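Understanding the architecture of this molecule
These are the residues of each chain, in order.
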Amino acid sequence: MSGERKKMLGAGLLVGALGVLLVVLGNPKNMGVCVVCFLRDIGGALGLHRAAIVQNLRMEVPGFILGSFLAAVLFGEFKSRGGSNPILRFFMGAMVSITALVFLGCPLRMVLRLAAGDLNAVVGLIGFACGIAVGIYFLKRGFTLGRSYPQHKVAGAVGPAFAIFLVVLAVAAPAFIFRSGSGPGSMAAPLLYSLGAGLLIGAVAQRTRLCMVGGIRDMIMFKDSHLLLGFIAIFVVALIGNLLAGSFNLGFADQPVAHTNHFYNFLGMLATGLGAALLGGCPLRQLILAGEGDSDAMVTVMGLIVGAATAHNFGLAASPAGVPVNGQIANWVILALFVLIGFTAHETRKTTATKSKK
Amino acid sequence: MQHIVDARGRSCPEPVILTRQALNDKSIESLTVMVDAAVARENVARAILSATGKQAQINETAGGEWEISVKL
């Protein structure tokens, strides 16, 4: 096994282990790490939505951004860049959040749910892989959001600065920050553990380029299993961890923060997979890129937060009771928009990106 | 024929797609791919190795920009 593959395996092992450990330390079940859920909770804490049970300044998220930032600076990879269709990325990020909340979890939580025996996540995974396959069709056709350009350092610093701002708010705990008294939002590992785990995951994800979308995409598209290895390692370690912690429960019914509507578990992750494939990475990857100085990724993260808040404000988000009709409609509309974007945002490659000399 | 792919500023997985498309073009004798991210540099070099079995030559042309070249 090459050094790169060993590193990827190590990263997967770490993320899987921390995913289980954070639940033992207090995070909601099967939600040791969930990027979309945590961005939704942060949005709630900031008052962007008023769903009282999902408001919490989750410190894993600033941890991801700052861990990536520190690793990128240390290895000379911090680079301020942007300008690749930011407004489209913002809305695509928002839409990815909404459909992920129809399923109830980002791709990373999907893997953690799988590892805890939640079979609804198998349905989600099939949808996710199908969505990525559709995304690959568009990518092969020439889909692109356009190139980014180097930017002033200040632009790249916005992501890490926002992360520090969230940490300051969590420590200072001013009265205007909301915090759930009950429900998933009230359950959290102690601040330092959440932040520490986030920093570790952020740093290793930056070094290894760990990405849930990339894993399946590269496997289908290039038969390249490099990123998929991380995905599988997370699953195996979290599975072992759940078995040891006694939190493995095989089945569809009564799974923590999940519903059993197979069709919308499938369709939610189909749209999420497609949207994330077009965005070039899963929500976790967007946070990591934001830490590296990619301001387009930071715009996407802002979109993810606003989308998650909107999902609750408009009654689109699913709950253990099922998927509301509004959420079902939103899922179809978003899927249609992603397909529309996939067809329209493309270029004729030969003439623009490549040139030949005799 | 010498062929240049400018994949600077492209997000994943576009640099690899552009590289693979060029590698499939039999009229190209030598390929140079321009990238400006470490991730793209690794991915493109890996794609060239897996598609051709050849180790690409990597030159840093400016701070954080690379040219990855291979003779086909």
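Further up the page is the structure itself.
The paragraphs below set out a description of the structure included in this document. Fair warning: this is a prediction, and the values are worked out from it, not measured in the lab. (Residues numbered from 1 in each chain as written. Chains lettered and ligands numbered in written order. Predicted model: local features only at pLDDT ≥ 70, side-chain atom pairs only at ≥ 80, totals over all residues. Heavy atoms only, no water.)

**Describing the overall build of chain A**
If you tally the helices and strands in chain A, you get 15 helices and three strands. In terms of its C-alpha atoms, chain A occupies a principal-axis envelope of roughly 70 × 45 × 40 Å. Here chain A holds 358 residues, and 59% of them are scored as buried. Summing over all exposed atoms, chain A offers an accessible surface of approximately 13,300 Å²; the carbon and sulfur share of this is 72%. Of the charged side chains in chain A, 27 are positive and 12 negative; the average position of the first set lies 6 Å away from that of the second. (Helix = DSSP H or I, 4+ residues; strand = E, 2+ residues; numbered from the N terminus. Buried < 20%, exposed > 50% of the residue type's maximum accessible area, 1.4 Å probe, protein only. Areas by Shrake-Rupley, 256 points an atom, 1.4 Å probe, with all protein chains shown as cover. Lys, Arg positive; Asp, Glu negative; His and termini not counted. Charge placed at Lys NZ, Arg CZ, Asp CG, Glu CD.)

**Considerations on the state of the cysteines**
By the definition in use, this model includes one disulfide over all chains. A sulfur-sulfur distance of 2.3 Å marks the disulfide that ties Cys34 of chain A to Cys37 of chain A. Residues Cys34 of chain A and Cys37 of chain A share a disulfide whose torsion about the S-S bond is about 65°; that sign makes it right-handed. With relative accessibility at 0%, the residue Cys34 of chain A sits in the buried group. The cysteine Cys130 of chain A is free of any disulfide, with Cys211 of chain A supplying the nearest cysteine sulfur at 18 Å. Residue Cys130 of chain A is classed as partly exposed on the basis of its relative accessible area, which comes to 31%. Cys12 of chain B takes part in no disulfide bond, and the closest cysteine sulfur to it belongs to Cys211 of chain A, at a distance of 7.6 Å. (Disulfide = S-S within 2.5 Å.)

**A closer look at the nonpolar core**
Among the nonpolar cores identified, the biggest contains 106 residues, and Leu57, Phe128 and Met212 of chain A are the most heavily contacted of them. The element best represented in this core is helix 11 (residues 262–279) of chain A, accounting for 10 residues. Residues within four places of Leu57 of chain A in sequence aside, it is in contact with Ile42, Ala45, Leu46, Leu166, Leu169, Ala170 and Ile177 of chain A. Formed by 18 residues, the second largest nonpolar core is a distinct cluster that contains Ile28, Ala38, Ala56 and Val70 of chain B. (Core = buried A, V, L, I, M, F, W, Y, C linked by side-chain atoms within 4.5 Å. Contact = heavy atoms within 4.5 Å.)

**As for the interface of chain A and chain B**
Contacts between the two partners involve 29 residues from chain A and, on the opposite side, 26 residues from chain B. Buried area between chain A and chain B, summed over both chains or domains, comes out near 2,600 Å², and the portion from carbon and sulfur atoms is 48%. Connecting chain A to chain B are four salt bridges. Residue Arg209 of chain A pairs with Glu42 of chain B through a salt bridge whose shortest N-O separation is 2.7 Å. Going through the elements one at a time, helix 6 (120–141), helix 9 (212–222), helix 15 (349–352) and strand 3 (354–357) of chain A are the ones with two or more residues in the side of chain A that touches chain B. Sorting elements by how many residues they give to the side of chain A that touches chain B places strand 3 of chain A first, with four residues. When grouped by side-chain class, the residues that make up the side of chain A that touches chain B number six nonpolar, seven polar and 16 charged. (Buried area = accessible area lost by both parts, 1.4 Å probe. Salt bridge = Lys/Arg side-chain N within 4 Å of Asp/Glu carboxyl O. Nonpolar A, V, L, I, M, F, W, Y, C, P; charged D, E, K, R; others polar.)

**A short note on a nonpolar patch on the surface**
Residue and element names in this part refer to chain A. Together, Val325, Ile329, Val333, Leu337 and Leu340 line one region of the surface with nonpolar side chains, adding up to about 440 Å² of accessible area. Following the sequence through the fold, Val333 ends up in helix 14 (residues 325–344). A residue is classified by how much of its surface remains accessible, and Val333, at 45% relative accessible area, is partly exposed. (Patch = residues over 30% accessible without salt bridge, like charges linked within 9 Å, V, L, I, M, F, W, Y side chains within 5 Å.)

**A word on the side chain of Ser148 of chain A**
Within the secondary structure, Ser148 of chain A is located in the loop between helix 6 and strand 2 (149–150). In this structure Ser148 of chain A touches Arg81, Gly82, Gly83, Ser84 and Asp296 of chain A together with Gly9 of chain B, once residues within four positions along its chain are discounted.

**A few points about the packing of helix 1 (residues 14–23) of chain B against helix 2 (residues 38–52) of chain B**
All names here are of chain B. Contact geometry for helix 1 and helix 2: axes closest at 9 Å, N-to-C directions at 30°. The orientation of helix 1 with respect to helix 2, classified from their angle, is roughly parallel. As helix 1 packs across helix 2, the resulting crossing turns out to be right-handed. Here Pro15, Val16, Thr19, Arg20 and Leu23 of helix 1 come into contact with helix 2, specifically with Ala40, Asn43, Val44, Ala47, Ile48, Ser50, Ala51 and Thr52. (Axes fitted to C-alpha atoms, helices over the stretch in contact; angles between N-to-C directions. Parallel < 35°, antiparallel > 145°, perpendicular 65-115°, else oblique. Left-handed = near helix turned anticlockwise from the far one by under 90°.)

**Quick word on the packing of helix 3 (residues 60–74) of chain A against helix 8 (residues 191–208) of chain A**
Residue and element names in this part refer to chain A. At a closest axis distance of 6 Å, the pairing of helix 3 and helix 8 adopts a crossing angle of 45°. Between helix 3 and helix 8, the angle falls in the class oblique. Along this stretch, helix 3 crosses helix 8, giving a crossing that reads as right-handed. Two secondary-structure elements touch here, helix 3 through Glu60, Gly63, Phe64, Leu66, Gly67, Ser68, Ala71 and Ala72 and helix 8 through Ser194, Leu195, Gly198, Leu199, Ile201, Gly202, Ala203, Gln206 and Arg207. Residues belonging to the contact of helix 3 with helix 8 are distributed by class as follows: eight nonpolar, seven polar and two charged.

**Here's the deal with the environment of Thr19 of chain B**
Residues and elements named next belong to chain B. Looking at where Thr19 falls in the secondary structure, it is placed in helix 1. Each residue touching Thr19, except ones within four places of it in the same chain, is listed here: Leu31, Val33, Val44 and Ile48. Within polar-contact distance, the side chain of Thr19 engages the backbone oxygen of Pro15 at 2.7 Å. (Polar contact = N/O pair within 3.5 Å; in protein donor to acceptor, adjacent residues only side chain to side chain.)

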